[in-house]
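Summary of structural features
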Amino acid sequence: MSMVPPEVASFVAVAARLPERTLDAIRQATAVAVASGAYDHSAVPKLSAAHFSALNKQVRDAFAPRREELRAGRPGGLRSAISCTTQTAQVIWKRDRLTADRYASLTEAFTTHGVPLPHHAP
């Protein structure tokens, strides 16, 4: 049985199937949000080493079938898809540690593109 919660695993599966164009838009939106101060990487909740390792493996395995496609697109496409997905998965996993506004701001790049996410848990 995986350490990764089902709602996080579900998000990873959906993210890994997004079209390359959508993944690029998420990458761009995240970069703009970071530059404007709307997205703060330090606000992404940290996982224990074991949990992060399990999540990292799940994300990398989910994107593995698309490795060549995403590498052939924009430079850094695969790396950024994995990074954005991993960070958002951490936010979902530890959403109970975030305010509703912070949760929304850290997941907005995906929700803007119609990716279903679990509701914020107070």
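Turning next to helix α1 (residues 6-16). Among the residues of α1, V8, F11, V12, A15 and A16 are the ones counted as buried. Buried residues in α1, looked at end-on, bunch into an arc of 125°, giving them a common side. Looking at the packing, one finds that the buried side of α1 touches α2 (20-36), α3 (49-63), α5 (77-93) and α6 (100-111).

With that settled, the discussion passes to the side chain of K94. Inspection of the secondary structure assignment puts K94 in the loop between α5 and α6. Aside from chain neighbours lying at most four places away, what touches K94 is P45, K46 and L47.

With their axes 10 Å apart at the nearest point, α3 and α5 run at an angle of 135° to one another. One finds that α3 runs oblique with respect to α5. In the packing of α3 onto α5, the handedness of the crossing is right-handed. Residue-level contacts link H51, F52, L55, V59, R60 and F63 of α3 to L78, A81, I82, T85, T86, A89, Q90 and W93 of α5. Residues of the contact of α3 with α5, tallied by class, amount to 9 nonpolar, 4 polar and 1 charged.

A separate point is the nonpolar core. Counting 33 residues, the largest nonpolar core has V8, F11, L55, F63 and F110 as its most contacted members. Taken together, the elements giving at least two residues each to this core come down to α1, α2, α3, α5 and α6. Sort the elements by how many residues they give to this core and α5 lands first, with 8 residues. Apart from the residues within four sequence positions on either side, F110 is in contact with F11, A15, L18, I26, C84, T85, T88 and V115.

Criteria and thresholds
- Residues numbered from 1 in each chain as written.
- Predicted model: local features only at pLDDT ≥ 70, side-chain atom pairs only at ≥ 80, totals over all residues.
- Heavy atoms only, no water.
- Buried < 20%, exposed > 50% of the residue type's maximum accessible area, 1.4 Å probe, protein only.
- Helix = DSSP H or I, 4+ residues; strand = E, 2+ residues; numbered from the N terminus.
- Arc of directions from axis to C-beta.
- Contact = heavy atoms within 4.5 Å.
- Axes fitted to C-alpha atoms, helices over the stretch in contact; angles between N-to-C directions.
- Parallel < 35°, antiparallel > 145°, perpendicular 65-115°, else oblique.
- Left-handed = near helix turned anticlockwise from the far one by under 90°.
- Nonpolar A, V, L, I, M, F, W, Y, C, P; charged D, E, K, R; others polar.
- Core = buried A, V, L, I, M, F, W, Y, C linked by side-chain atoms within 4.5 Å.

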